[in-house]
Amino acid sequence: MFFPCICGWTMTNVASPNDIEHVLLSDRVSENLENLVDQECATVGSIDSWPEHWEESGAIDVWRCPVCERLYFNATGDPSEVVVYKIERKGLSNNPSENRSSESSKE
Ligand SMILES: [Zn+2]
């Protein structure tokens, strides 16, 4: 799949493994995944259903643009449901000059 970033870079997951696709797991989703894997391992003795377990557990597919660092949540899902995040700030200092704003990041 090819996916155009707002900055103009074209992201793709054609090569695997790659550094574009990420998986976001909440603590609850992580536990769901562990339970699904444990269940299959206990009944079958091995794990053959990794893709199904990722999806069933509630893991979120996130693509990260290597140029502007925008994040696209559910990039491979319904295009109308994709949520895009852009860096607002880097660093937690109260002195604004010590934090890198999105204005100085690559577009
Ligand atoms: Zn980008």
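As the structure is a computational prediction, the values presented were derived from the model and not from experiment. All residue numbers refer to position in the chain's written sequence, counted from 1. Given that this is a predicted model, residues contribute local features only at a pLDDT of at least 70 and side-chain atom pairs are listed and counted only at 80 or more, while totals for whole chains, interfaces and linings are drawn from all residues. Hydrogen atoms and water are omitted, and side-chain values are computed over all heavy atoms in the structure.

What follows covers helix α1 (residues 27-44). In this model α1 runs 26 Å from its N-terminal to its C-terminal C-alpha over 18 residues, within 8% of the 26 Å that 1.5 Å per residue would give. Here, two residues are considered to be in contact whenever any of their heavy atoms come within 4.5 Å of each other. Each helix is a run of DSSP H or I of at least 4 residues and each strand a run of E of at least 2, with the numbering of both proceeding from the N terminus. Where the residues of α1 are buried, they touch α2 (50-57). Gly-45 sits one or two residues past α1 and shows a positive phi near 95°. For a helix, the expected span equals 1.5 Å multiplied by the number of residues minus one.

What follows is about a negative patch on the surface. Distance thresholds for patches are 9 Å for like charges and 5 Å for nonpolar side chains (Val, Leu, Ile, Met, Phe, Trp, Tyr), applied to residues having over 30% relative accessible area and no salt bridge. Values of accessible area rely on a 1.4 Å probe in the Shrake-Rupley scheme; residue burial ignores everything except the protein chains shown. By convention in these notes, a salt bridge is any Lys or Arg side-chain nitrogen within 4 Å of a carboxyl oxygen on Asp or Glu. Two residue types count as positive, namely Lys and Arg, and two as negative, namely Asp and Glu; His and chain ends fall outside the count. For charged residues, the charge sits on one atom: NZ in Lys, CZ in Arg, CG in Asp, CD in Glu. Among the surface-exposed residues, Asp-27, Glu-31, Glu-34 and Asp-38 lie close enough to one another that they form a single negatively charged patch. Relative to the elements of secondary structure, Asp-38 occurs in helix α1.

Four donors placed tetrahedrally about a metal ideally form angles of 109.5 degrees, and six donors placed octahedrally ideally form angles of 90 or 180 degrees. Because no water is among the atoms considered, metal sites can look incomplete, with donors defined as N, O and S atoms within 2.8 Å of the metal, or 3.2 Å for Na, K and Ca. Summarising the metal site, the zinc ion is bound by the protein donors Cys-5 (SG), Cys-7 (SG), Cys-65 (SG) and Cys-68 (SG), whose distances to it range over 2.2 to 2.3 Å. With 4 donor atoms in place around the zinc ion and angles of 100 to 115° between them, the coordination shape is tetrahedral. All donors of the zinc ion come from a single chain, and their spacing in sequence reads C-x1-C-x57-C-x2-C. Pair noted here: Cys-5 is in the loop between β1 (2-4) and β2 (10-12) and Cys-68 is in the loop between β4 (60-64) and β5 (71-73), with a separation of 63 residues, a long-range link. No difference in accessibility class separates Cys-5 from Cys-68, as the two residues are buried. Any coordination sphere not matching a tetrahedral pattern (four donors, all angles between 85 and 135 degrees) or a square planar or octahedral pattern (four or six donors, opposite donors over 155 degrees apart, other angles between 65 and 115) is reported as irregular. Between buried and exposed lies partly exposed: a residue is buried under 20% and exposed over 50% of the maximum accessible area for its type, with that area taken using a 1.4 Å probe on protein chains only.

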